[in-house]
Amino acid sequence: MKQSPLQSLDYSVLQQCMHCGMCLPTCPTYAETGREKNSPRGRISLMRAIADGELETTPNFAEEMSYCLGCLACTTACPAGVDYTNLLEHARAHVEQSGVVKTPRRDFVRWLTMKQLFMKPRLLRFAGRLLWLYQVTGLQSLARALRLTKLLPTSIRVAEPSTPTIQRRFSDSLIAKVETPSSAKTAKSASASASPSAQPFRRVLLLTGCVQDIAFSDINRATADVLLANNCEVHTPRAQSCCGSLHAHNGELDLAATLARRQLDAVDLSQFDAVISNAAGCGSHLKHYDRLLATDPAYAQRAAEWSRKLRDISEYLVEINFRHPQPPARTSTAVPNHPLNLLRSSIDGREKSPAPTVTPVTYHEACHLCHGQKISAQPRAILRAIPGIELRESAEPTWCCGSAGIYSITQPKTAGWLRDRKLNNLRATAAPIVAVANPGCSLHLQAGEAHSANPLQFIHPVVLLASAYAAETHP
Ligand code: SF4
Ligand code: SF4
């Protein structure tokens with residue numbers, strides 16, 4: 001008989017927890033209920049009991065695995081180095097395989113999203129184009145004004161305010177015009193610009209994602225601009241798939257492995273110094289391709305190389321000692337195209353107001369960046385290097401905002417409680433701008449600001465950096 005995902009997991013991973021309880025104060029779900037079963041330690045005990053065959057797989061176990069945010073705060077606190085990501089992925093895969101929560105409606109939604117939309121990039125882009133039309137023709141605003149969204153099924157109605165605004169142009173068309181396609185051209189320009197202060201030439205692969213490709217193509221373009229400004233040759237494969245994080249985090253490990261193989265098949269890794277991701281949740285998963293494909297003899301070696309080269313953009317920029325942008329020529333007078341000036345105008349409605357000398361910016365740490373990838377100082381280093389920004393720390397910066405993939409759909413109550421807590425902490429800094437490096441967090445937090453008179457602006461740190469570079473050349 002085929003082993004379940006929890007039973008096939010290396011048993012030493014299930015044994016790592018020594019039940020010390022150091023993780024308990026960091027766990028948002030334990031904070032909400034105070035119950036042992038809602039804690040990392042409690043969940044690991046349940047997983048082990050199921051793997052040992054001492055406990056049946058029940059809908060209650062499935063609910064417990066769904067209630068966990070996957071925020072990985074417990075992994076940062078854990079002195080034993082428990083591989084909770086691996087445990088949770090296998091536990092969720094175990095739930096799916098057991099079928100204890102199967103219903104026709106749930107099966108249909110999962111088939112449509114995970115087996116169709118996110119497996120077929122062209123289909124996802126087509127859906128994105130339809131959604132774009134729905135938004136630009138005003139139908140979305142009309143439906144919201146007439147409260148037609150109330151007619152939607154509960155799960156979709158809850159998620160509807162977080163629907164991303166689809167961009168008119170997707171990543172490839174935005175990046176193609178700046179991408180450096182020819183190594184000959186680059187080598188020439190690199191040698192032409194060589195100087196003692198010039199950075200060494202590097203060639204990088206930029207991942208543009210799936211949802212990010214259609215809803216946050218501006219972040220992808222900003223990432224390309226920043227890399228180019230740091231003497232990198234940027235390549236963006238035209239046929240990119242979803243990275244598979246959605247599948248891995250939701251119990252579809254086989255599909256996640258299929259997508260990982262597709263990514264590896266699409267590139268010749270030996271050509272690149274690094275593979276760059278700019279979305280925290282995707283990056284956290286992309287770095288684990290080595291583990292995901294460890295037992296696949298045809299891919300294990302390439303997957304290991306992929307994981308070795310995979311970098312979050314902020315991590316990479318600090319690693320290559322990124323160039324700090326110069327202040328624009330005139331910071332104290334009107335500089336209409338200065339990013340901070342534009343932001344200020346959009347915030348207080350004063351068109352063409354003078355560029356602020358200093359704009360307070362706070363930073364929200366996406367869980368999969370700070371806990372999943374242990375990247376915390378690098379985005380702050382970027383923000384501190386931008387002229388005109390004053391970085392203000394908020395309380396509980398590493399506490400989950402409740403976004404957590406599809407968590408706001410599956411657990412709306414806890415997601416809402418965590419969002420309110422996060423927004424209160426961010427507002428207390430009095431900074432109008434929140435730098436955040438994960439699109440899911442941005443959408444979730446933005447939806448919480450929908451009825452605010454002065455909504456916070458959520459901007460990826462790399463967009464702020466790209467704007468600062470652009471302002472250098474447009475005084
Ligand atoms: S991942 Fe987050 S919610 Fe889940 S057990 Fe760990 S700290 Fe708690
Ligand atoms: S901190 Fe680590 S070892 Fe201690 S109880 Fe939590 S998961 Fe187990």
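Preceding this section is the structure that the text describes.
One numbering rule holds for all chains: residues counted from 1, following each sequence as written. Chain letters start at A and ligand numbers start at 1, both assigned in the order the entries are written. Given that this is a predicted model, residues contribute local features only at a pLDDT of at least 70 and side-chain atom pairs are listed and counted only at 80 or more, while totals for whole chains, interfaces and linings are drawn from all residues. Hydrogen atoms and water are omitted, and side-chain values are computed over all heavy atoms in the structure.

Undergrad: Residue-level account of the site of ligand 2, with values.
TA: By nearness alone, 13 residues border ligand 2, and Cys17, Cys20, Gly21, Cys23 and Cys78 come closest of all. A 1.4 Å probe that fits into a set of points on a 1 Å grid over the protein atoms alone but cannot get out defines a cavity; an open set with protein on both sides within 12 Å along at least five of seven lines defines a pocket, and lining residues are those with an atom within 4 Å of a point. Assignment of a molecule to a cavity or pocket requires that more than half of its atoms lie within 2 Å of the corresponding grid points. Among the cavities detected, the one that contains ligand 2 is the largest cavity. In this classification, Asp, Glu, Lys and Arg are treated as charged, Ala, Val, Leu, Ile, Met, Phe, Trp, Tyr, Cys and Pro as nonpolar, and every other residue, Gly included, as polar. Looking at the shell around ligand 2, its residues break down into 10 nonpolar, 2 polar and 1 charged. Only a single heavy atom is needed: when it lies within 4 Å of a molecule or strand, its residue is near that molecule or strand.

Undergrad: Outline the nonpolar core, supporting the account with residue identities and numerical values.
TA: Nonpolar cores are built from buried Ala, Val, Leu, Ile, Met, Phe, Trp, Tyr and Cys residues. Side-chain atoms within 4.5 Å join them into one set. Throughout this description, buried means an accessible area under 20% of the type-specific maximum (1.4 Å probe, protein chains only), exposed means over 50%, and partly exposed covers the range between. Formed by 62 residues in total, the largest nonpolar core has its most connected members in Val204, Leu227, Ile276, Tyr316, Phe458 and Leu465. By residue number, the principal contributor to this core is helix α28 (residues 461–473), which donates 7 residues. Once residues lying within four places of it in the same chain are set aside, the contact partners of Tyr316 are Arg202, Val204, Leu227, Cys232, Asp273, Ala274, Ile276 and Arg311. In terms of nonpolar packing, the next biggest core, distinct from the first, is built from 23 residues, Ile44, Ala51, Ala62 and Leu72 among them. Only runs of H or I of at least four residues qualify as helices and only runs of E of at least two qualify as strands under DSSP, and these elements are numbered from the N terminus. For this analysis, residues touch if any pair of their heavy atoms sits within 4.5 Å.

Undergrad: Could you give me a rundown of the sheet that holds strand β4 (residues 310–312), with the residues and numbers involved?
TA: Strand pairing requires that DSSP identify at least two bridges connecting the strands. The 4 strands are arranged β2-β1-β3-β4 in an open sheet whose pairing can be described as parallel. Since the sheet does not close on itself, it has two edges, and those belong to β2 (232–235) and β4, each with one partner. Strand after strand, the sheet turns through a mean of 35 degrees between neighbouring axes, direction not considered. To define axes, lines are fitted to C-alpha atoms, for helices over the stretch in contact only, and angles between the resulting N-to-C directions are given on a 0 to 180 degree scale. Packing of helix α20 (residues 300–309) onto the sheet brings it into contact with β1 (202–206), β3 (274–277) and β4, and relative to β4 it is tilted by some 25 degrees.

Undergrad: Could you give an account of the site of ligand 1, with specific residues and numbers?
TA: The environment of ligand 1 is made up of 13 residues, and the closest members are Cys27, Arg43, Cys68, Cys71 and Cys74. Put simply, ligand 1 lies in the second largest cavity. Elements supplying a minimum of two residues to the shell around ligand 1: α3 (28–33), α4 (40–51) and α6 (73–77). Looking at side-chain class alone, the shell around ligand 1 contains 10 nonpolar, 2 polar and 1 charged residues.

Undergrad: Go over unusual backbone geometry, please, and point to the residues and values.
TA: The phi dihedral of Asn321 is positive, around 60 degrees, even though this residue is not glycine. Structurally, Asn321 can be placed in the loop between α21 (313–319) and α22 (339–348). Note on Asn321: relative accessible area 61%, which makes it exposed. With phi around 55 degrees, Lys374 is a residue other than glycine that occupies positive phi space. Position of Lys374 relative to the elements: it lies in the loop between α23 (367–370) and α24 (377–385).

Purely geometric stuff here, so don't read any function into it on its own.
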